[in-house]
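Coordinate inspection notes
Read off the chains here:
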Amino acid sequence: MSIDYALRAHIATITINRPETRNSLDMEHFRDLAHAWAAFRDETRAWVAVVTGVGHDFCTGADLKKFIPELTGELPRPEGWNKDDAIHAVLHRFPVYKPIVAAVNGTCVAGGFEMLSSTDIRVAVPGARFAVMEPKRGLFAGGGTTVRLPRQLPYAWAMELLLTADMVDAERALAMGLINRVVPADRLMDTAYDYAERIAANAPLAISATKQSAVEGLALDLDAAYDNETRHSDRVFATEDAKEGPRAFAEKRPPRWRAR
């Protein structure tokens, strides 16, 4: 029962490893997941992340049998718990301007869905299912879903997910544009890492600035978004990597990115 973090060749892997609870999270594991995202954000060697789950579930949100009693004081809270851990774990009000690939190995609902909506590229197995489940439990999806989803999907499809709280299968999610690809289970991680490796082959500062400009631009009017894009462009063109890329192209060799 853990949140596993590993780093290899500039790609971080974050694995929710609580199959006995369908990869739902109590306070301890919300805390550990938030810490894993912070480690990815702050580690200069980590350029791309892949997030997945163990077993047949990606993440099913809060472990209501344990999380709610911990929240109300019926059970003791774990050491080091912070009130923002739960929202930071699903990347709400916790900007990570590095690419994140989701490898959705099964059910993705509630807080898992909220985290999914903060990732950039999403690959799923045919048996994956997706839902904003909170209204069926009398709860509210307060981890960013009601804000992100109408910005990411056509309005009517976003509202279908938000208001019915019904499950949709992987093929329906693909048709909606919620995910990028549906692949057989035995190809899931290879496909996710293929995306991650292709991203990591690019200059990391340029990729980070590109994501930041795109995300920030969603909250700005057109002129302000263009101005913000120019600021990011100026910053990237001043880097050593911006000199290395054209030099490597001219010399017909792979670039050696230094992330500076």
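Residues numbered from 1 in each chain as written. Predicted model: local features only at pLDDT ≥ 70, side-chain atom pairs only at ≥ 80, totals over all residues. Heavy atoms only, no water.

As assigned here, the chain comprises domain 1 (3-200) and domain 2 (203-251). The gap between the C-alpha centroids of domain 1 and domain 2 is 27 Å. Between domain 1 and domain 2, the contact holds ten residues from the first and eight residues from the second. When domain 1 packs against domain 2, close to 760 Å² is buried across both sides, 64% of that on carbon and sulfur atoms. Of all residues in domain 1, Trp47, Tyr97 and Arg151 give up the largest surface area on contact with domain 2, accounting jointly for 67% of the area buried on that side. In this structure, the connection of domain 1 to domain 2 is made through one salt bridge. Lys211 is the partner of Asp120 in a salt bridge, and the nearest nitrogen-oxygen pair spans 2.8 Å. Looking at the side of domain 1 that touches domain 2, its residues break down into six nonpolar, one polar and three charged. (Domains from an automatic or database assignment. Contact = heavy atoms within 4.5 Å. Buried area = accessible area lost by both parts, 1.4 Å probe. Salt bridge = Lys/Arg side-chain N within 4 Å of Asp/Glu carboxyl O. Nonpolar A, V, L, I, M, F, W, Y, C, P; charged D, E, K, R; others polar.)

Turning our attention to the packing of aromatic side chains. What the rule picks out here adds up to one aromatic pair. Measuring from centroid to centroid gives 6.4 Å for Trp37 and Phe40, while their planes differ by 70°, and the two rings are edge-to-face. Of this pair, Trp37 and Phe40 both sit in helix α1 (residues 27-42), three residues apart, which is roughly one turn of that helix. Assigned by exposure class, Trp37 and Phe40 land together as buried. We note Lys98 situated over the ring of Phe40; from NZ or CZ to the ring centre the distance is 5.1 Å. (Phe/Tyr/Trp six-rings, centres within 6.5 Å; stacked < 30°, edge-to-face > 60°. Helix = DSSP H or I, 4+ residues; strand = E, 2+ residues; numbered from the N terminus. Buried < 20%, exposed > 50% of the residue type's maximum accessible area, 1.4 Å probe, protein only. Lys NZ or Arg CZ within 6 Å of the ring centre and 35° of its normal.)

Judged by side-chain polarity, Leu64, Ile68, Leu71 and Leu139 come together as a nonpolar surface patch covering roughly 320 Å² of accessible area. Accessibility expressed as a relative area gives 45% for Leu139, which makes it partly exposed. (Patch = residues over 30% accessible without salt bridge, like charges linked within 9 Å, V, L, I, M, F, W, Y side chains within 5 Å. Areas by Shrake-Rupley, 256 points an atom, 1.4 Å probe, with all protein chains shown as cover.)

Glancing now at the packing of helix α5 (residues 145-152) against helix α6 (residues 155-164). As a packed pair, α5 and α6 sit with axes 7 Å apart at the nearest point and diverge in direction by 150°. In this view, α5 runs roughly antiparallel relative to α6, as classed from their interaxial angle. Where α5 crosses over α6, the handedness of that crossing is right-handed. Here Thr145, Thr146, Leu149 and Pro150 of α5 lie close against α6, whose contacting residues are Ala158, Leu161 and Leu162. In terms of residue class, the contact of α5 with α6 is built from five nonpolar, two polar and no charged. (Axes fitted to C-alpha atoms, helices over the stretch in contact; angles between N-to-C directions. Parallel < 35°, antiparallel > 145°, perpendicular 65-115°, else oblique. Left-handed = near helix turned anticlockwise from the far one by under 90°.)

Count 3.6 residues to each turn of an α-helix, and residues three or four apart come out pointing the same way. Buried residues of helix α11 (residues 240-250): Asp241, Glu244 and Ala248, and no others. Viewed end-on, α11 has its buried residues packed into an arc of 55°, placing them on one side of the element. Projecting away from the buried face of α11 at angles above 90 degrees are the exposed residues Pro246, Phe249 and Ala250. In the core, the buried residues of α11 are packed alongside α9 (204-217). (Arc of directions from axis to C-beta.)

We now examine the sheet that holds strand β10 (residues 181-182). Overall, mixed pairing links the six strands, which are arranged β1-β2-β3-β5-β7-β10 in an open sheet. Of all strands in the sheet, those bounded by a partner on one side alone are β1 (2-8) and β10. Here strand β5 (residues 100-104) pairs with strand β7 (residues 121-124) via four bridges, running parallel. Paired with Ala103 across the bridge in β7 is Val123. (Pairing = 2+ DSSP bridges.)

Within the element layout of this structure, Glu134 appears in the loop between β8 (129-131) and α5. Here Glu134 is buried and forms no salt bridge, its nearest opposite-charge partner Arg137 lying at an N-O distance of 9.0 Å. Not counting chain neighbours up to four residues away, the residues in contact with Glu134 comprise Ala110, Gly111, Glu114, Leu139, Phe140 and Ala141. (Lys, Arg positive; Asp, Glu negative; His and termini not counted.)

In this structure the tally under the stated criterion is 17 salt bridges. We note a salt bridge from Arg18 to Asp26, for which the minimum N-O separation is 3.6 Å. Take Arg18: its relative accessible area is 3%, and that puts it in the buried class. Across the salt bridge formed by Arg187 and Asp190, the nearest N and O atoms sit 3.0 Å from each other. On the accessibility criterion, Arg187 (42% relative accessible area) is partly exposed.

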